[in-house]
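Take a look at the letters that make up each chain.
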Amino acid sequence: MTSTERPDPADDDKFAEFHWTYVSAMVDEWDRPYTSRELRVDLQDDAGYMHQIGLLARNDDGTPVGVGIVEIPLKDNLRLAYINVHILQPHRRQGHGRALVDAIVGVAREYDRTALFAEARWDVGEENTGNTAFAEAMGFELDLVDAHRVLDLPANLPEAPVRDGYTLHTWRGPCPEEWIDQYANLLSVIVQEAPSGEFPLENEFFDAARVRSDEELVAKRGRVMQVSVALSPEGELAGHTQLSFPEAGQPDVFQWDTLVLRAHRGHGLGLSLKVHAMDASKDLLEGRKVIHTYNAVSNGPMIAVNELMGFRLVAYSGEYIREL
(Lines give C-alpha, C1' and ligand atoms only; values in the text may rest on other atoms or scores of the structure.)
Protein backbone atom coordinates (compact mmCIF):
# COMPACT_ATOMS: atom_id res chain seq x y z
CA MET A 1 0.00 0.00 0.00
CA THR A 2 1.24 3.50 -0.81
CA SER A 3 0.94 6.42 1.57
CA THR A 4 1.41 10.06 0.56
CA GLU A 5 2.31 13.13 2.59
CA ARG A 6 3.02 16.81 2.00
CA PRO A 7 6.52 17.55 3.34
CA ASP A 8 7.01 21.03 4.76
CA PRO A 9 9.65 22.72 2.55
CA ALA A 10 10.70 24.79 5.57
CA ASP A 11 11.72 21.59 7.40
CA ASP A 12 15.34 20.87 6.44
CA ASP A 13 15.22 17.11 6.98
CA LYS A 14 11.85 16.55 5.32
CA PHE A 15 12.74 18.68 2.34
CA ALA A 16 16.12 16.98 1.94
CA GLU A 17 14.36 13.60 1.77
CA PHE A 18 11.85 14.97 -0.72
CA HIS A 19 14.53 16.48 -2.98
CA TRP A 20 16.71 13.36 -2.84
CA THR A 21 13.76 11.25 -3.99
CA TYR A 22 12.93 13.73 -6.75
CA VAL A 23 16.49 13.81 -8.11
CA SER A 24 17.00 10.05 -7.76
CA ALA A 25 13.85 9.34 -9.77
CA MET A 26 14.94 11.46 -12.75
CA VAL A 27 17.35 9.09 -14.46
CA ASP A 28 16.55 9.56 -18.16
CA GLU A 29 19.43 10.97 -20.20
CA TRP A 30 17.86 14.38 -20.78
CA ASP A 31 16.15 14.82 -17.41
CA ARG A 32 17.37 17.98 -15.73
CA PRO A 33 16.05 18.20 -12.14
CA TYR A 34 15.90 21.45 -10.26
CA THR A 35 18.57 22.00 -7.63
CA SER A 36 17.62 21.84 -3.98
CA ARG A 37 17.72 25.62 -3.77
CA GLU A 38 15.52 26.11 -6.84
CA LEU A 39 12.86 23.61 -5.86
CA ARG A 40 12.70 24.82 -2.28
CA VAL A 41 12.28 28.43 -3.37
CA ASP A 42 9.44 27.46 -5.71
CA LEU A 43 7.62 25.43 -3.06
CA GLN A 44 7.87 28.33 -0.59
CA ASP A 45 6.92 31.08 -3.02
CA ASP A 46 3.86 33.00 -1.80
CA ALA A 47 3.79 35.92 -4.24
CA GLY A 48 0.26 35.03 -5.29
CA TYR A 49 0.78 33.99 -8.90
CA MET A 50 1.57 30.26 -8.61
CA HIS A 51 1.14 27.94 -5.63
CA GLN A 52 3.23 24.76 -5.63
CA ILE A 53 2.69 21.68 -3.48
CA GLY A 54 5.03 18.73 -3.10
CA LEU A 55 3.88 15.18 -2.33
CA LEU A 56 6.10 12.35 -1.11
CA ALA A 57 5.02 8.73 -1.59
CA ARG A 58 6.17 5.89 0.69
CA ASN A 59 5.72 2.13 0.51
CA ASP A 60 4.57 -0.14 3.36
CA ASP A 61 7.88 0.06 5.26
CA GLY A 62 8.10 3.83 4.98
CA THR A 63 10.71 3.95 2.23
CA PRO A 64 10.34 6.93 -0.13
CA VAL A 65 9.32 5.69 -3.57
CA GLY A 66 8.36 8.81 -5.51
CA VAL A 67 7.29 12.41 -5.54
CA GLY A 68 4.56 14.51 -7.08
CA ILE A 69 4.57 18.26 -7.68
CA VAL A 70 1.37 20.22 -8.24
CA GLU A 71 1.41 23.76 -9.62
CA ILE A 72 -1.76 25.79 -9.11
CA PRO A 73 -1.95 29.00 -11.18
CA LEU A 74 -3.73 31.71 -9.22
CA LYS A 75 -4.30 34.47 -11.81
CA ASP A 76 -5.08 32.58 -15.03
CA ASN A 77 -6.07 29.11 -16.26
CA LEU A 78 -8.09 28.59 -13.10
CA ARG A 79 -9.39 25.26 -14.40
CA LEU A 80 -5.92 23.76 -14.47
CA ALA A 81 -3.40 22.11 -12.20
CA TYR A 82 0.03 21.43 -13.73
CA ILE A 83 1.50 18.21 -12.39
CA ASN A 84 4.68 16.12 -12.34
CA VAL A 85 5.08 12.56 -11.08
CA HIS A 86 8.47 10.87 -10.56
CA ILE A 87 8.87 7.29 -9.28
CA LEU A 88 12.18 5.69 -8.30
CA GLN A 89 13.13 3.03 -10.85
CA PRO A 90 13.17 0.04 -8.44
CA HIS A 91 9.64 0.91 -7.33
CA ARG A 92 7.95 1.41 -10.70
CA ARG A 93 5.02 -0.72 -11.89
CA GLN A 94 3.92 -1.35 -8.30
CA GLY A 95 1.00 1.08 -8.10
CA HIS A 96 2.88 3.95 -6.47
CA GLY A 97 2.45 6.22 -9.48
CA ARG A 98 -1.28 5.60 -9.55
CA ALA A 99 -1.50 6.39 -5.83
CA LEU A 100 0.38 9.64 -6.35
CA VAL A 101 -1.91 10.65 -9.21
CA ASP A 102 -4.93 9.91 -7.01
CA ALA A 103 -3.46 12.13 -4.29
CA ILE A 104 -2.78 14.85 -6.87
CA VAL A 105 -6.39 14.69 -8.03
CA GLY A 106 -7.38 15.31 -4.43
CA VAL A 107 -5.14 18.38 -4.26
CA ALA A 108 -6.53 19.68 -7.57
CA ARG A 109 -10.08 19.34 -6.29
CA GLU A 110 -9.19 21.28 -3.15
CA TYR A 111 -8.51 24.20 -5.47
CA ASP A 112 -11.60 23.56 -7.62
CA ARG A 113 -9.55 22.49 -10.63
CA THR A 114 -11.28 20.51 -13.33
CA ALA A 115 -8.33 19.48 -15.51
CA LEU A 116 -4.75 18.27 -15.07
CA PHE A 117 -1.87 19.16 -17.39
CA ALA A 118 1.12 16.79 -17.45
CA GLU A 119 4.11 16.09 -19.66
CA ALA A 120 5.60 12.75 -20.68
CA ARG A 121 8.87 12.55 -22.56
CA TRP A 122 10.45 10.01 -24.88
CA ASP A 123 13.72 9.81 -26.78
CA VAL A 124 13.99 10.09 -30.55
CA GLY A 125 13.18 6.71 -32.10
CA GLU A 126 11.17 5.48 -29.11
CA GLU A 127 7.48 4.66 -29.18
CA ASN A 128 5.00 3.61 -26.49
CA THR A 129 7.43 4.30 -23.66
CA GLY A 130 6.72 3.75 -19.99
CA ASN A 131 6.13 7.48 -19.57
CA THR A 132 3.49 7.75 -22.27
CA ALA A 133 1.88 4.42 -21.36
CA PHE A 134 1.55 5.55 -17.75
CA ALA A 135 0.01 8.88 -18.76
CA GLU A 136 -2.55 7.14 -20.96
CA ALA A 137 -3.31 4.53 -18.29
CA MET A 138 -4.05 7.38 -15.88
CA GLY A 139 -6.64 8.81 -18.26
CA PHE A 140 -4.56 11.54 -19.88
CA GLU A 141 -4.95 12.37 -23.57
CA LEU A 142 -2.18 13.74 -25.78
CA ASP A 143 -2.82 17.37 -26.78
CA LEU A 144 0.49 18.63 -28.22
CA VAL A 145 3.99 17.31 -28.95
CA ASP A 146 7.06 19.43 -28.25
CA ALA A 147 10.52 18.78 -29.64
CA HIS A 148 13.51 18.95 -27.28
CA ARG A 149 16.69 20.14 -28.97
CA VAL A 150 20.13 20.82 -27.54
CA LEU A 151 23.06 22.90 -28.71
CA ASP A 152 26.48 21.60 -27.71
CA LEU A 153 28.88 24.25 -26.45
CA PRO A 154 31.00 25.94 -27.61
CA ALA A 155 28.97 26.52 -30.76
CA ASN A 156 29.75 27.96 -34.19
CA LEU A 157 26.95 30.43 -34.83
CA PRO A 158 25.75 31.78 -38.17
CA GLU A 159 25.93 35.46 -39.02
CA ALA A 160 22.57 37.10 -38.25
CA PRO A 161 22.85 40.88 -38.31
CA VAL A 162 19.70 42.76 -37.41
CA ARG A 163 18.13 44.62 -40.33
CA ASP A 164 15.22 46.79 -41.51
CA GLY A 165 15.69 49.44 -38.85
CA TYR A 166 15.30 47.15 -35.82
CA THR A 167 17.78 47.27 -32.93
CA LEU A 168 18.67 44.67 -30.30
CA HIS A 169 19.18 45.26 -26.58
CA THR A 170 20.07 42.97 -23.66
CA TRP A 171 19.71 43.11 -19.90
CA ARG A 172 20.32 40.87 -16.92
CA GLY A 173 18.28 41.19 -13.77
CA PRO A 174 15.51 43.81 -13.70
CA CYS A 175 13.80 44.87 -16.91
CA PRO A 176 14.41 48.56 -17.69
CA GLU A 177 11.47 50.56 -16.38
CA GLU A 178 10.69 52.15 -19.74
CA TRP A 179 9.97 48.74 -21.28
CA ILE A 180 8.36 46.86 -18.42
CA ASP A 181 4.74 47.15 -19.56
CA GLN A 182 5.58 46.09 -23.11
CA TYR A 183 7.74 43.27 -21.79
CA ALA A 184 4.87 42.05 -19.60
CA ASN A 185 2.73 41.95 -22.73
CA LEU A 186 5.34 39.85 -24.58
CA LEU A 187 5.38 37.37 -21.69
CA SER A 188 1.60 37.15 -21.55
CA VAL A 189 0.79 36.52 -25.22
CA ILE A 190 3.04 33.57 -26.04
CA VAL A 191 0.10 31.15 -25.71
CA GLN A 192 -1.86 32.95 -28.42
CA GLU A 193 1.19 33.72 -30.58
CA ALA A 194 2.84 30.26 -30.59
CA PRO A 195 1.38 26.91 -31.76
CA SER A 196 -0.70 25.16 -29.11
CA GLY A 197 -2.94 22.13 -28.76
CA GLU A 198 -6.72 21.79 -28.68
CA PHE A 199 -7.11 22.44 -24.95
CA PRO A 200 -8.11 26.10 -24.47
CA LEU A 201 -5.10 27.41 -22.58
CA GLU A 202 -5.45 31.03 -21.53
CA ASN A 203 -2.74 33.66 -21.80
CA GLU A 204 -0.65 33.70 -18.65
CA PHE A 205 -1.28 36.75 -16.47
CA PHE A 206 1.57 39.26 -16.53
CA ASP A 207 1.77 42.88 -15.53
CA ALA A 208 4.65 45.01 -14.26
CA ALA A 209 4.24 43.71 -10.72
CA ARG A 210 4.38 40.09 -11.92
CA VAL A 211 7.53 40.83 -13.92
CA ARG A 212 9.22 42.24 -10.82
CA SER A 213 8.01 39.33 -8.68
CA ASP A 214 9.39 36.78 -11.12
CA GLU A 215 12.71 38.62 -11.30
CA GLU A 216 12.99 38.30 -7.52
CA LEU A 217 12.09 34.62 -7.73
CA VAL A 218 14.81 33.97 -10.33
CA ALA A 219 17.38 35.65 -8.08
CA LYS A 220 16.28 33.59 -5.06
CA ARG A 221 16.75 30.44 -7.15
CA GLY A 222 20.35 31.46 -7.77
CA ARG A 223 19.78 31.80 -11.50
CA VAL A 224 20.79 34.55 -13.88
CA MET A 225 18.20 35.48 -16.50
CA GLN A 226 19.47 37.26 -19.58
CA VAL A 227 16.82 38.86 -21.77
CA SER A 228 17.41 40.14 -25.29
CA VAL A 229 14.76 42.22 -27.03
CA ALA A 230 14.17 43.61 -30.50
CA LEU A 231 13.08 47.23 -30.73
CA SER A 232 11.13 48.30 -33.81
CA PRO A 233 11.94 51.44 -35.80
CA GLU A 234 8.99 53.03 -33.99
CA GLY A 235 10.52 52.22 -30.59
CA GLU A 236 8.22 49.33 -29.63
CA LEU A 237 9.27 45.93 -28.30
CA ALA A 238 8.81 43.54 -31.22
CA GLY A 239 10.16 40.33 -29.68
CA HIS A 240 12.40 38.82 -27.05
CA THR A 241 14.39 35.74 -26.08
CA GLN A 242 15.46 34.51 -22.65
CA LEU A 243 18.53 32.54 -21.60
CA SER A 244 18.30 31.07 -18.11
CA PHE A 245 21.56 30.17 -16.34
CA PRO A 246 21.34 27.93 -13.25
CA GLU A 247 23.79 28.28 -10.39
CA ALA A 248 27.50 28.24 -11.18
CA GLY A 249 28.86 24.73 -11.66
CA GLN A 250 25.79 23.47 -13.50
CA PRO A 251 26.51 22.36 -17.10
CA ASP A 252 23.17 23.40 -18.62
CA VAL A 253 21.65 26.58 -20.01
CA PHE A 254 17.96 26.87 -20.86
CA GLN A 255 16.45 28.80 -23.74
CA TRP A 256 13.13 29.88 -22.31
CA ASP A 257 10.61 32.04 -24.16
CA THR A 258 11.42 33.24 -27.65
CA LEU A 259 8.72 35.26 -29.37
CA VAL A 260 8.46 37.69 -32.24
CA LEU A 261 5.07 39.39 -32.45
CA ARG A 262 3.13 38.64 -35.64
CA ALA A 263 3.28 42.25 -36.86
CA HIS A 264 7.08 42.10 -36.83
CA ARG A 265 7.73 38.71 -38.42
CA GLY A 266 9.52 38.38 -41.74
CA HIS A 267 12.57 40.44 -40.72
CA GLY A 268 14.77 37.59 -39.45
CA LEU A 269 14.38 38.71 -35.84
CA GLY A 270 14.13 35.20 -34.38
CA LEU A 271 17.60 34.23 -35.57
CA SER A 272 19.07 37.67 -34.91
CA LEU A 273 17.76 37.66 -31.34
CA LYS A 274 19.08 34.21 -30.54
CA VAL A 275 22.53 34.78 -32.02
CA HIS A 276 22.75 38.17 -30.33
CA ALA A 277 21.75 36.63 -26.98
CA MET A 278 24.54 34.08 -27.18
CA ASP A 279 27.10 36.69 -28.19
CA ALA A 280 26.02 38.84 -25.24
CA SER A 281 26.33 35.94 -22.78
CA LYS A 282 29.83 34.68 -23.61
CA ASP A 283 30.95 35.19 -20.01
CA LEU A 284 27.99 33.20 -18.66
CA LEU A 285 28.41 30.44 -21.26
CA GLU A 286 32.00 29.82 -20.19
CA GLY A 287 32.20 26.27 -18.79
CA ARG A 288 28.64 25.34 -19.77
CA LYS A 289 28.10 22.23 -21.89
CA VAL A 290 24.69 22.48 -23.53
CA ILE A 291 21.71 24.76 -24.20
CA HIS A 292 18.21 23.24 -24.12
CA THR A 293 15.24 24.49 -26.09
CA TYR A 294 11.68 23.24 -26.61
CA ASN A 295 9.29 24.00 -29.48
CA ALA A 296 5.99 22.58 -30.67
CA VAL A 297 6.76 20.18 -33.53
CA SER A 298 4.38 22.26 -35.65
CA ASN A 299 6.44 25.43 -35.11
CA GLY A 300 8.38 25.15 -38.36
CA PRO A 301 9.85 28.69 -38.45
CA MET A 302 11.39 28.48 -34.96
CA ILE A 303 12.64 24.94 -35.52
CA ALA A 304 14.34 26.15 -38.71
CA VAL A 305 16.05 28.90 -36.69
CA ASN A 306 17.23 26.40 -34.08
CA GLU A 307 18.59 23.98 -36.66
CA LEU A 308 20.43 26.78 -38.45
CA MET A 309 22.12 27.54 -35.14
CA GLY A 310 23.17 23.90 -34.74
CA PHE A 311 20.58 22.57 -32.28
CA ARG A 312 20.03 18.81 -32.60
CA LEU A 313 16.89 16.86 -31.79
CA VAL A 314 17.23 14.54 -28.76
CA ALA A 315 13.72 13.90 -27.44
CA TYR A 316 10.03 14.70 -27.52
CA SER A 317 7.70 15.81 -24.76
CA GLY A 318 3.98 15.21 -24.98
CA GLU A 319 1.57 17.65 -23.34
CA TYR A 320 -1.25 15.58 -21.85
CA ILE A 321 -4.62 16.67 -20.48
CA ARG A 322 -6.96 14.85 -18.13
CA GLU A 323 -10.41 16.21 -17.47
CA LEU A 324 -11.63 15.59 -13.91
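A short tour of the structure in this document, coming up. (Residues numbered from 1 in each chain as written. Predicted model: local features only at pLDDT ≥ 70, side-chain atom pairs only at ≥ 80, totals over all residues. Heavy atoms only, no water.)

1. A closer look at the overall build of the chain
Then comes step 1: Secondary structure assignment for the chain yields ten helices and twelve strands.
Then comes step 2: Relative to the compact-globule value of 20 Å for 324 residues, the chain shows a C-alpha radius of gyration of 20 Å, a close match.
Then comes step 3: By principal-axis analysis of the C-alpha atoms, the chain measures approximately 65 × 40 × 40 Å.
Then comes step 4: Residues counted as buried form 51% of the 324 residues belonging to the chain.
Then comes step 5: For the chain, the exposed surface amounts to about 15200 Å²; the carbon and sulfur share of it is 48%. (Helix = DSSP H or I, 4+ residues; strand = E, 2+ residues; numbered from the N terminus. Rg over C-alpha atoms; globule rule 2.2 N^0.38 Å. Buried < 20%, exposed > 50% of the residue type's maximum accessible area, 1.4 Å probe, protein only. Areas by Shrake-Rupley, 256 points an atom, 1.4 Å probe, with all protein chains shown as cover.)

2. Quick word on the sheet that holds strand 10 (residues 252-260)
Then comes step 1: Read across the sheet, twelve strands follow the order 1-2-3-4-5-12-6-11-10-9-8-7 without closing on themselves; strand pairing throughout is mixed. A strand with exactly one partner marks an edge of an open sheet, and here the two such strands are strand 1 (3-5) and strand 7 (167-172). Averaged over all adjacent pairs, the angle separating strand axes in this sheet is 25°, with direction ignored.
Then comes step 2: Strand direction decides the pairing type here: strand 9 (residues 237-245) and strand 10, joined by five bridges, are antiparallel. (Pairing = 2+ DSSP bridges. Axes fitted to C-alpha atoms, helices over the stretch in contact; angles between N-to-C directions.)

3. Regarding the layout of surface pockets
Then comes step 1: In this structure, the second largest pocket encloses a volume near 210 Å³.
Then comes step 2: Contributing to the lining of the second largest pocket are Leu153, Pro154, Ala155, Leu157, Met278, Asp279, Lys282, Leu285, Glu286, Gly287 and Arg288.
Then comes step 3: Looking at the lining of the second largest pocket, the elements that each hand over two or more residues are helix 8 (269-280) and helix 9 (282-285).
Then comes step 4: Each residue belonging to the lining of the second largest pocket can be placed in one class, and the counts come to six nonpolar, one polar and four charged. (1 Å grid on protein atoms, 1.4 Å probe; cavity = no way out; pocket = protein on both sides within 12 Å on 5 of 7 lines; lining within 4 Å. Points joined across faces, edges and corners; volume = space filled by probe spheres on them. Nonpolar A, V, L, I, M, F, W, Y, C, P; charged D, E, K, R; others polar.)

4. Describing the pairing of strand 2 (residues 50-58)
Then comes step 1: When you tally the buried positions in strand 2, you get eight out of nine residues, the bulk of the element.
Then comes step 2: Across three bridges, strand 1 lies against strand 2 in antiparallel orientation. Paired with Thr4 across the strands is Ala57, a residue of strand 2.
Then comes step 3: Across nine bridges, the pairing between strand 2 and strand 3 (residues 64-73) is antiparallel. Within strand 3, the position partnered with His51 by the bridge is Ile72.

5. Some thoughts on the environment of Thr132
Then comes step 1: Relative to the helices and strands, Thr132 is located in helix 4 (residues 130-137).
Then comes step 2: Each C-alpha atom of the pair Thr132 and Met225 lies 32 Å from the other, and the pair is 93 residues apart in sequence.
Then comes step 3: With sequence-adjacent residues up to four places away left out, Thr132 is seen in contact with Ala120, Trp122 and Tyr320. (Contact = heavy atoms within 4.5 Å.)

6. Let's talk about the pairing of strand 6 (residues 141-152)
Residues in a regular strand point their side chains to alternate faces of the sheet.
Then comes step 1: Burial of strand 6 is extensive: nine of the twelve residues sit out of reach of the surface.
Then comes step 2: Two strands pair when backbone bridges link them, and strand 6 and strand 12 (residues 312-323) are joined in this way by nine bridges, in the antiparallel orientation. The partner of Leu144 across the bridge, within strand 12, is Glu319.
Then comes step 3: Looking at chain direction, strand 6 and strand 11 (residues 290-296) are connected through seven bridges and run antiparallel. Directly across from Asp146, in strand 11, lies its bridge partner Ala296.

7. Some details on empty space enclosed by the protein
Then comes step 1: Taken as a whole and judged by the stated rule, the model has one cavity of 30 Å³ or more.
Then comes step 2: In this model, the largest cavity occupies a volume close to 40 Å³.
Then comes step 3: Every residue lining the largest cavity is listed: Pro7, Asp8, Pro9, Phe15, Phe18, Leu43 and Gly54.
Then comes step 4: Tallied by class, the residues present in the lining of the largest cavity amount to five nonpolar, one polar and one charged.

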